[in-house]
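Read off the chains here:
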Amino acid sequence: MFTKIKNKISGSDNLLVNLIKEIVKQRFFGFYKNIYKTNYHRNVLISYITSPIRRGLLKIHSNFLEMHIILEVFRSLKFNIDVADYTYEGKIDYNKYDLIFGFGSPFGKYFWSKNKKSLITICYLTGSMALFNQMERNRYLKERKGQNVIPRRNYYCKYLQESISMSDAIIITGNEWTESTVKPYNSKIFRVRLPVFLPNKEEITKIIQEKDFEKAKRNFLWFGSSGALHKGLDLCLDVFANKENLFLHVCGPVDKESDFFELYKKELTATKNIKYHGFVNIDSALFRNIIHSCAFSIFPSCSEGGGGSLLTCMAYGLIPIATKEASVNIEPDYGILLNSYRVEYISDVVMQLTNFSSDKLLSMSLEAMEYTHKNHNAEAFRNDLINALNQLGVK
């Protein structure tokens, strides 16, 4: 009997397990009150992610670093800080707050609350509003493969319209392209430079200078989180499956997206020049080995809010090959900006790069590292955030 129950659970994608996890998250990890136990005269509600509070500053995603700095900044401004996960659906007394910062349900529900007091609302966006790009990529996938996959990026659609159009201001990660997707809906927008976990600069400089670029220029890395279709992995797999003399490393939890993984199982598990590693920690020996062997990071995403995974690779000296929608500023001195997401076009670009000289690639690699370390460090993000808050009268 227990075997039958187990099979039923497995056959339904562990719906019961996922439901239990969500209940536990909402009940125990959804809301944290006055996390620093301070007694200031002002209160802020941050509606973002709570995992960095319970797990610490882990190097598994740049949003752990973002949240750490956001908390530091509001504490330095003498706010008592409550934190709600952006999916939290519990009751919130908004009248106690002077400011709400973030996005998601706790943020958007404020605009629907009755007898609410007037307070400062700052929508913090970590993605673009190019809502139809993912659908276009799914259509293009079906054109090539005859089937679709389930979109994995939901754009935090709950209360999104209220949060963007009714907030006093928007603070957004990314670049001009990211800002352009929001600008029609709110006139007060501040851009902040996304921070990433940076390696030791001297150590990476040594790795770059010692790298054999004649070999490395035939090795590429796709490095991303959830949303393989969204982040253009399908395009990369289609390109490299037909390029036996080039090698693609794939780092990310693709096996958790069963429909995508099944569709590209041959490419991911049985193609000699494509190696699927799964999730890879940037502090691991495996990641360092991949960095040693590759010259390029390829990331034809359809929409990002800063491109943290691409920036991380650049910080290690990999030369970016990316679409404008990856939302990272890419100049010819240190990268390749893709003008199309079509497989044939990307394939041509990749082949052209193998003709670059080792000296040129060395220079581009060093420039990519320099740009990232200069513009996407924790201090740059902190200064940008404080400057935006100060211009909004939050001092």
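Residues numbered from 1 in each chain as written. Predicted model: local features only at pLDDT ≥ 70, side-chain atom pairs only at ≥ 80, totals over all residues. Heavy atoms only, no water.

1. Observations concerning the sheet that holds strand β8 (residues 219-223)
Strand order in this open sheet of six strands is β10-β9-β8-β11-β12-β13, and the pairing throughout is parallel. Unpaired on one side and paired on the other, β10 (274-278) and β13 (336-338) mark the two borders of the sheet. Going across the sheet, the axis of each strand differs from the next one's by a mean of 20°, ignoring polarity. Pairing of β8 with strand β11 (residues 296-299), which is carried by two bridges, proceeds in the parallel orientation. Pairing of L221 across the sheet is with S297, part of β11. On the sheet, helix α11 (residues 233-240) packs against β8, β9 (247-251), β10 and β11 and is oriented at approximately 155° with respect to β9. Strand contacts of helix α17 (residues 358-375): β11, β12 (319-323) and β13, with the helix running at about 75° to β12, the strand carrying the most contacts. (Pairing = 2+ DSSP bridges. Helix = DSSP H or I, 4+ residues; strand = E, 2+ residues; numbered from the N terminus. Axes fitted to C-alpha atoms, helices over the stretch in contact; angles between N-to-C directions. Contact = heavy atoms within 4.5 Å.)

2. Regarding the sheet that holds strand β7 (residues 189-192)
Reading across from one edge, β1-β3-β2-β4-β5-β6-β7 is the order of the seven strands in this open sheet, with mixed pairing throughout. Both outer strands of the open sheet, β1 (31-32) and β7, are each paired with one neighbouring strand and no more. Here strand β4 (residues 99-102) pairs with strand β5 (residues 120-125) via four bridges, running parallel. Paired with G102 across the bridge in β5 is C123. Along the sheet, helix α4 (residues 62-76) contacts β2 (42-48), β3 (79-85), β4, β5 and β6 (169-173); its crossing angle with β2, the most-contacted strand, is approximately 170°.

3. What to know about the packing of α11 against helix α16 (residues 343-353)
One can describe the packing of α11 onto α16 by two numbers: an axis separation of 9 Å at closest approach and a directional angle of 60°. Viewed along their axes, α11 and α16 adopt a mutual orientation that is oblique. Relative to α16, the crossing made by α11 is right-handed. On α16, the residues that touch L235, D238, V239 and F240 of α11 are V343, I346, S347 and V350. Along the lines of polarity and charge, the residues of the contact of α11 with α16 split into six nonpolar, one polar and one charged. (Parallel < 35°, antiparallel > 145°, perpendicular 65-115°, else oblique. Left-handed = near helix turned anticlockwise from the far one by under 90°. Nonpolar A, V, L, I, M, F, W, Y, C, P; charged D, E, K, R; others polar.)

4. What about the confidence of the model for the chain?
When the pLDDT values of the chain are averaged, the result is 92; 91% of them are 70 or greater. Every residue in residues 1-12 is under pLDDT 50, and counting partners more than four places away or in other chains gives four contacts. (pLDDT = per-residue confidence, 0-100.)

5. Description of the side chain of E325
Considering the arrangement of structural elements, one finds E325 in the loop between β12 and β13. If near-sequence neighbours (up to four positions away) are discounted, E325 is found in contact with N133, W177, S301, C302, S303 and E304.

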